[in-house]
Amino acid sequence: MAMVRRLLRTKFRFSLTLCLIAAGMLAFTVGCSDSDDDDDFASAEVDTLSFEPVAVPVTDAEKREVNASPTVEINGKTHPIGFHTLMRSGDNINGTTFGLILDENGTPVMERDGSLFISSDNDFSSLLPRGRKIYNITHFESRPGGMYLTELNQDTTTGMMTPVSTRSIDFSDWGGIWVPCAGSVTPWGNHLGSEEYPPDARVHEEAGSMDDIEDYDKPMLRYFGISDPFADSVTVDDFRAVFNAYRYGYPVEIAVDEAGGTTVNKRYACGRVAVELAYVMPDSRTVYISDDGTNVGLFMFVADTAGDLSAGNLFAAQWNQIDTANGGFANIVWIPLGHATQAEIQTAIDSGLQFSDIFETAEPNEDGTCPAGFVSVNTEDSGHECLRVKPGMEKIASRLETRRYAAMLGATTEFRKEEGITYDPDNQILYVAMSEVARGMEDSMKNGAENDKYDKGGPNHVALPYNLCGCVYGMDVGPDSDIGSDYVAINMFGVVCGTMTEYPDDSPYANNSCDVEGIANPDNLTFIDGYKTLIIGEDTGSGHQNDAIWSFNTETEELTRIETTPYGSETTSPYYYPAINGWAYIMSVVQHPYGESDRDKLADASEAAAYVGFIGPMPAME
């Protein structure tokens, strides 16, 4: 299969080169590499890495534990590793409760039953060396959300780390933080977080009462001092007085100094979508942004200045399908959405701008078309819509309604559960996880059954066979002089996919709907440079009863299970650090144990606390 894909990619590159020559290098159609990077890499000397595999949990006891590879072999030498917990939600760290969510005044947020809101939705958790200190920033993927900065002590002899102190990061200047999901660390060493599933500004503006506001959005009111957002006394006017939908849905950059001081920025110029994460390429200018949900897009931001995400040009991917096998194969064209600065967009947000200030709308015709002058789109926001941008509002639309505007310009908004991103610099391949190949990615289907909801009114760019278990995709990258980046993706192809499976009721794997020897609903990714090793975390419910983290050798395509997590949890944001004071780590977070499924298995409430930890320590592998 690897050779088939390599031949297809090589053939595609040659064909695309001819097309570009014939077309006179049409603007914004991406360029091609001069050679096949796989062949160059195959002849180079590389290091070897092999994790001791972890078995599929089959007993009740095994399904309640975090299990990780006990050893790893690096260049022929075996080292003891394992999963090591740094802290869990609710832990008291030097007098501060880790994961306690605070409101805009620094007051603890309360649950409806009067208890403190301590989030077990831990997500991305970074390691940030600063001089002689190491800091950790952990996301709490809730509404309101939170981030905690924790100072860690590292034993440089053993590599083991322990928490010293922790504090909540203040987001009050930004209207709080909304559903911070995955993240990355920039080449210049800053934490780059996210805000997922932003609220629909059109729904908020048109709501006649609180019944028209989604229940998902209401808990955020607690950040503004409304203790019970579901109370009958709370009106839609109360809601609008404090909640501005356009404040949420951006990459979030946090700089940390050696003393533990933090500087927060929401990167408005990068656009507003359901940000799973933003990933900065080695040039410190090109940023790929994944968009989680149904009928979503893929975006690329190119900053004006390296190391500064406050201004730049934004692009949206258009999928041009070539093949349907193994998750599909397509070339990628980047649709320009224009230039913007953080200051310009912040001014628009602060002015109280609403959806109707940006767009005119119309109802679709009975045949699914739009009235003259309106553009038909189908995105996660509101499904099929007919939109027209008001004069002079194109820049604002591009950043505050990025997905809708991208769809209007011809970009693809049919991806389903687009998750983690990582990069292999040796082969120049960007990896993107698609948790499911479903809905908009099918051909007028839903989960294999006829249904036009997700393609109605849209271009139906993606037409692939249904795969509940999902795929990890690769994207060859190269220079593009029109876009002004050396890291522009030119195609997209399936690398490794899960396999839908039905196990009999008497099988030890009866509670799994994806093959237990393959991936299920890939989520976040990280790459171990120089070792041909892609790390794949899962976010799966019925696919695998116990979520796993996998090691995938990109040359041999061998999968090795290196961690499993307890019932109902998610393996959020594995992230590789090659060298911190002589040691390497794969950060690993176990989110909401017993929270996504198997709630009836919870015997002790304390076991529902999320874990922040790491796989390792390993010798430094720079």
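Structure shown above.
Because the structure is a prediction, the values reported are computed rather than measured. (Residues numbered from 1 in each chain as written. Predicted model: local features only at pLDDT ≥ 70, side-chain atom pairs only at ≥ 80, totals over all residues. Heavy atoms only, no water.)

## Details of the sheet that holds strand β39 (residues 611-619)
Moving on, step 1. Taken in spatial order, the 4 strands line up as β5-β39-β38-β37 in an open sheet, and their pairing is antiparallel. Lying at the two open borders of the sheet, with one neighbouring strand each, are β5 (83-88) and β37 (570-580). Strand after strand, the sheet turns through a mean of 25° between neighbouring axes, direction not considered.
Moving on, step 2. Note that strand β38 (residues 583-591) and β39 share 7 bridges and pair antiparallel. Opposite V589, over in β39, you have V612 as the bridge partner. (Pairing = 2+ DSSP bridges. Helix = DSSP H or I, 4+ residues; strand = E, 2+ residues; numbered from the N terminus. Axes fitted to C-alpha atoms, helices over the stretch in contact; angles between N-to-C directions.)

## Overview of the sheet that holds strand β3 (residues 71-74)
Moving on, step 1. A sheet is described by the order of its strands in space; here 3 strands give the open sequence β1-β3-β4, paired in antiparallel fashion. With one partner strand each, in any of the chains shown, β1 (49-51) and β4 (77-80) form the two edges of the open sheet. Across the sheet, the mean angle from the axis of one strand to that of its neighbour is 20°, orientation sign disregarded.
Moving on, step 2. Strand direction decides the pairing type here: β1 and β3, joined by 3 bridges, are antiparallel. Within β3, the residue paired with L49 across the bridge is I74.

## A word on the state of the cysteines
What makes a disulfide is a covalent bond joining the sulfur atoms belonging to two cysteines.
Moving on, step 1. Overall, the coordinates contain 3 disulfides when judged by the stated rule.
Moving on, step 2. Each bonded cysteine in the chain gets a number by its place in the sequence, and the pairs come out as 1-2, 3-6, 4-5.
Moving on, step 3. The cysteine C181 is free of any disulfide, with C270 supplying the nearest cysteine sulfur at 17 Å.
Moving on, step 4. Exposure remark for C270: the relative accessible area of 3% places this residue in the buried category. (Disulfide = S-S within 2.5 Å. Buried < 20%, exposed > 50% of the residue type's maximum accessible area, 1.4 Å probe, protein only.)

## Focus: the packing of aromatic side chains
Moving on, step 1. Enumeration over the complete set of coordinates arrives at 25 aromatic pairs.
Moving on, step 2. Ring geometry for F239 versus F243: centroids 4.8 Å apart, planes at 20°, classification stacked. Pair check on accessibility: F239 and F243 agree, each one buried.
Moving on, step 3. Both rings, one in W319 and one in Y473, keep their centres 6.3 Å apart while their planes meet at 85°; by these two values the pair is edge-to-face. (Phe/Tyr/Trp six-rings, centres within 6.5 Å; stacked < 30°, edge-to-face > 60°.)

## A few points about a nonpolar patch on the surface
Moving on, step 1. A contiguous nonpolar surface patch, about 230 Å² in accessible area, is contributed by M110, L116 and I118.
Moving on, step 2. Structurally, the position occupied by M110 is in the loop between β7 (96-97) and β8 (122-130). (Patch = residues over 30% accessible without salt bridge, like charges linked within 9 Å, V, L, I, M, F, W, Y side chains within 5 Å. Areas by Shrake-Rupley, 256 points an atom, 1.4 Å probe, with all protein chains shown as cover. Salt bridge = Lys/Arg side-chain N within 4 Å of Asp/Glu carboxyl O.)

## Observations concerning unusual backbone geometry
Moving on, step 1. P144 follows R143 through a cis peptide bond whose omega is -5°.
Moving on, step 2. Here P144 shows up in the loop between β9 (133-140) and β10 (146-154).
Moving on, step 3. Look at the link from G616 to P617: it is a cis peptide, with omega at -10°.
Moving on, step 4. By the element assignment, P617 lies in strand β39.
Moving on, step 5. Although it is not a glycine, N75 sits at a positive phi angle of roughly 50°.

## Some details on the nonpolar core
Soluble globular proteins tend to pack their nonpolar side chains together in the buried interior.
Moving on, step 1. Core analysis: the biggest nonpolar cluster contains 71 residues, and F171, I254, I289, F301, I358 and L400 have the highest contact counts within it.
Moving on, step 2. Among the nonpolar cores identified, the runner-up in size contains 60 residues, and Y279, V296, I483 and Y585 belong to it. (Core = buried A, V, L, I, M, F, W, Y, C linked by side-chain atoms within 4.5 Å.)

## Some thoughts on the pattern of salt bridges
Moving on, step 1. The tally for this structure, following the rule as stated, stands at 22 salt bridges.
Moving on, step 2. The shortest N-O distance in the salt bridge between R403 and D291 comes to 2.8 Å. Of this pair, R403 sits in helix α8 (residues 402-408) while D291 is found in strand β17 (residues 286-291), placing the two residues 112 residues apart along the sequence. Accessibility classification places R403 together with D291 in one group, the buried group.
Moving on, step 3. Through salt bridges with shared partners, one network takes in D200, R202, E206, E385, E401 and R404.

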